[in-house]
Amino acid sequence: MGSFISDESVRKIIEINSELLGTMAGGAADCQYWERYLGMLCRLYHLRNGHKVSVAAASKILANILYQYRGYGLSVGTMIAGWDRNGPSLYLLDGEGLRIKGDVFSVGSGSTFAYGVLDSHYRKDLTVEEAVDLGVRAIYHATHRDAGSGGVCRVYHIHERGWTKIHEGLDVNALHWKYAEEKGFVGDGNEAKVPVV
């Protein structure tokens, strides 16, 4: 039995609350269930304490849950991202309960292709526009080279007021031809004659 990809347009970004986002790689059911469960726990925290949970605490809650189920075969690779009273935060989590804080991560089967773009072009002083373009290019390279990474590109901007959806679902095929044209390739079969600079 091999891999089966039922939908290339699945939402790989889960809106946990107005300040937290989660990404999903691995088994869609595992990721969606546990991140939505995290959303419920974050809402309960807010109701009980009168303020929203921090990004660090939310990621720790999910890591603790995943750790309790280690060895059960959960297929979860996720990033929890958001902005709280401590500023912006990004955490990488896996199905065994691993939790790492960092500035740049890529998760999933296409992540090696995305890391190639991110490692080459990421800087701490990117403008929002440059960061969005870098994110689109990284996602494009992951989705173009890896069938399991989907066929659309969704981009969010996380800021001190929460998050904003920038791109709802750019078609990766359209991005492919846009980037090919930027390189001078037009798809007419004569690409070998065009000098690459």
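Residues numbered from 1 in each chain as written. Predicted model: local features only at pLDDT ≥ 70, side-chain atom pairs only at ≥ 80, totals over all residues. Heavy atoms only, no water.

**Q** When you look at helix α5 (residues 172–182) in this model, what are you seeing that I'm missing?
**A** The α-helix advances 3.6 residues per turn, and as a result positions three or four apart in sequence lie on the same side. For α5, the full list of buried residues reads Val-172, Leu-175, Tyr-179 and Ala-180. Around the axis of α5, the buried residues are gathered within 135° of arc, so they sit on the same side. Seen from the buried face of α5, the exposed residues on the opposite side, beyond 90 degrees, are Asn-173 and Glu-181. Elements that come into contact with the buried residues of α5 comprise α4 (128–145), β7 (152–159) and β8 (162–171). Sitting at the head of α5, Asp-171 places a side-chain oxygen 3.1 Å from the backbone nitrogen of Asn-173. Of the residues trailing α5, Gly-184 is marked for its positive phi of about 95°. (Buried < 20%, exposed > 50% of the residue type's maximum accessible area, 1.4 Å probe, protein only. Helix = DSSP H or I, 4+ residues; strand = E, 2+ residues; numbered from the N terminus. Arc of directions from axis to C-beta. Contact = heavy atoms within 4.5 Å. Polar contact = N/O pair within 3.5 Å; in protein donor to acceptor, adjacent residues only side chain to side chain.)

**Q** Help me out: how do you make sense of the pairing of strand β2 (residues 20–23) in this one?
**A** The side chains of a regular strand alternate between both faces of the sheet. Where strand β1 (residues 13–15) lies against β2, 3 bridges are found, and the strand directions are antiparallel. Counterpart to Ile-13 in the pairing with β2 is Thr-23. Relative to strand β4 (residues 76–84), β2 is paired through 3 bridges, and the arrangement is antiparallel. When the bridges of β4 are listed, Gly-22 appears paired with Ile-80. (Pairing = 2+ DSSP bridges.)

**Q** Just checking my understanding: could you explain the packing of aromatic side chains for this structure?
**A** In this description, a pair of aromatic rings is defined by centroid distance and the angle of the planes. Inspection of the entire model under this criterion finds 7 aromatic pairs. When the ring of Tyr-33 is compared with that of Trp-34, the centres are 4.8 Å apart and the planes differ by 85°; the resulting orientation is edge-to-face. Centroid distance Tyr-140 to Tyr-179: 5.1 Å. Interplanar angle 70°. Geometry classified as edge-to-face. On the criterion of sequence distance, the pair formed by Tyr-140 in helix α4 and Tyr-179 in helix α5 is long-range, its members being 39 residues apart. Take Tyr-140 and Tyr-179: they sit in the same class, and that class is buried. Members of the aromatic cluster, each reached through a chain of ring pairs, are Tyr-33, Trp-34, Tyr-37, Tyr-69 and Tyr-72. Arg-70 extends its terminal NZ or CZ atom over the ring of Tyr-67, reaching a point 3.9 Å from the ring centre. (Phe/Tyr/Trp six-rings, centres within 6.5 Å; stacked < 30°, edge-to-face > 60°. Lys NZ or Arg CZ within 6 Å of the ring centre and 35° of its normal.)

**Q** Honestly, the confidence of the model for the protein in this entry has me stumped. Any pointers?
**A** When the pLDDT values of the protein are averaged, the result is 89; 89% of them are 70 or greater. Mean pLDDT across the elements of the protein ranges from a minimum in α5, with 88, to a maximum in strand β6 (residues 99–101), with 98. (pLDDT = per-residue confidence, 0-100.)

**Q** How should I be thinking about the nonpolar core in this particular structure?
**A** Side chains that are nonpolar tend, in soluble globular proteins, to be buried together. If you look at the biggest cluster of nonpolar residues, it comprises 20 residues, and the most contacted ones within it are Leu-20, Leu-38, Cys-42, Leu-62 and Ile-80. Of all the elements in the fold, those that place two or more residues in this core are α1 (28–49), α2 (55–68), β4 and β5 (87–94). No other element matches α2, which puts 6 residues into this core. When residues no more than four places from it in sequence are discounted, the contact partners of Leu-38 are Ile-16, Ala-58, Ile-61, Leu-62 and Ile-80. (Core = buried A, V, L, I, M, F, W, Y, C linked by side-chain atoms within 4.5 Å.)

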